[in-house]
Amino acid sequence: MRTIKTIAVAAAIAALTTATAKADIVIGVAGPMTGSEAAFGEQFKRGAAKAVEDINAKGGVLGQKLQLVMGDDACDPKQARSVAEELASKKVAFVAGHFCSGSSIPASEVYQENGILQISPASTNPKFTERGLPNVFRTCGRDDNQGKIAAEYVAQKLKGKVVAVIHDKSAYGKGLADEFKGSLNKLGVKEAFFEAITPGEKDYSALVTKAKQAKVDVLFLGGYKTEGGLIVRQMRDQGMKTTLMGADALVTEEYWAITGAAGEGTLMTFSPDPRLLPQNADLVKHFRAQNYEPEAYTLYTYATIQAWAQAVDKAKSTEWKKVADTLRANKFDTAIGNVGFDAKGDVIGPTYVMYVWKNGKYTYAD
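One structure accompanies this document, and this report is about it. Just so it is clear, the model here is predicted, and its values are computed rather than measured.

1. Thoughts on empty space enclosed by the protein
One pass over the structure, following the stated rule, counts two cavities of 30 Å³ or more. As a volume, the largest cavity reaches approximately 40 Å³. Lining the largest cavity, in full, are Phe-99, Cys-100, Ser-101, Ala-122, Thr-124, Tyr-172, Tyr-224 and Asp-248. Looking at the lining of the largest cavity residue by residue, the classes come out as five nonpolar, two polar and one charged.

Listed below in structure tokens is the structure:
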């Protein structure tokens, strides 16, 4: 079924590219189109393709049609740099990407060197926008905010519970775990342990045993769905009722596909769900008619391209400095709401909320 979906998306994008072969404005979308995080790459792909289709249907940008090209970084930093260089060689005016912070950060340097604007729908590590690169923006939040919201939830809603923190050593995972731990400690809560895991492993029994011996009630994960899913399953296999808490990297139905009922009660931070906004009803209906659920970063990618396109029209130019100045000076109506950007390139808009997995779906937590 997934193969059929992938073929359908590829065909749709191929048709879109062919239809805009004479386009004057080329833009890119980059993310993990393959690999363990390919579900998020598909979200990027779907959101970007639909945004370009809708913008072109309304006359394009500056009276010109958009052409979409894609790059697959597989969430690998070296591959991300290569993808950025390839997109630069195609003279893209703008890139919506990347997904993993560990990819966005090295790619941003290539885009800066080549005068290309980058807006990430998903890279949350603070370093991404803290380096002062004027071409860098994001439509998602930051881990220092995400970690703080998670820590406050634990301190207020799970008061007295034993908490442990783990991370996968990635720029995203380690950064998120550090922010959560720091915020938690400031609130007077000390973790039972803080340690790294090795991503890609199948057996986390040593970690699970340690958590069981420490009587951990809440295990916070700075990392991705595959490792999180395996860990929660192995905790249940050992009879543990420990709650797994994570963040936006667990916001995909593939998490539940890994955990099954073991994932019940998993908590995670993410921004407010744009699928619930009334103005997105037709957009959501479109995706669902294709048997695709536009979860997580699908509409964030759509909104990323919307914001750039509106800024270009307002600036009357695709020149990155003019567009960057326009992005920082205005607000934009998008699928994720009315957003703006601060001097660093961070989004001014929705903050994080807590979600919980119930019966195979995630919803707002109490």
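2. Some remarks on the sheet that holds strand S2 (residues 66-72)
Here we have five strands laid out as an open sheet, ordered S2-S1-S3-S4-S5, and parallel in their pairing. Because the sheet does not close on itself, it has two edges, and the strands there are S2 and strand S5 (136-138). Taken over all neighbouring pairs, the strand axes of this sheet differ in orientation by 25 degrees on average, direction set aside. Bridge count between strand S1 (residues 25-31) and S2: seven bridges; the pairing is parallel. Bridge assignment links Val-29 to a residue of S2, and that residue is Met-70.

3. Description of the packing of aromatic side chains
Following the criterion strictly, the structure yields 19 aromatic pairs and no others. With a centroid separation of 5.1 Å and 45 degrees between ring planes, the pair formed by Tyr-172 and Tyr-224 is classed as tilted. With Tyr-172 in helix H7 (residues 171-186) and Tyr-224 in the loop between strand S8 (218-222) and helix H9 (225-237), this residue pair connects regions lying 52 residues apart in the sequence. With respect to class, Tyr-172 is no different from Tyr-224; both count as buried. Sitting over the ring of Tyr-292, Arg-46 keeps its end group 4.2 Å from the ring centre.

4. Observations concerning the layout of surface pockets
Taking a probe equal in size to a water molecule and rolling it over the atoms shows the remaining empty space. Approximately 350 Å³ is the volume attributed to the largest pocket. Secondary-structure elements contributing two or more residues to the lining of the largest pocket are helix H4 (101-113), H7 and H9. Looking at the lining of the largest pocket, its residues break down into eight nonpolar, eight polar and three charged.

Calculation criteria
Residues numbered from 1 in each chain as written. Predicted model: local features only at pLDDT ≥ 70, side-chain atom pairs only at ≥ 80, totals over all residues. Heavy atoms only, no water. 1 Å grid on protein atoms, 1.4 Å probe; cavity = no way out; pocket = protein on both sides within 12 Å on 5 of 7 lines; lining within 4 Å. Points joined across faces, edges and corners; volume = space filled by probe spheres on them. Nonpolar A, V, L, I, M, F, W, Y, C, P; charged D, E, K, R; others polar. Pairing = 2+ DSSP bridges. Helix = DSSP H or I, 4+ residues; strand = E, 2+ residues; numbered from the N terminus. Axes fitted to C-alpha atoms, helices over the stretch in contact; angles between N-to-C directions. Phe/Tyr/Trp six-rings, centres within 6.5 Å; stacked < 30°, edge-to-face > 60°. Buried < 20%, exposed > 50% of the residue type's maximum accessible area, 1.4 Å probe, protein only. Lys NZ or Arg CZ within 6 Å of the ring centre and 35° of its normal.

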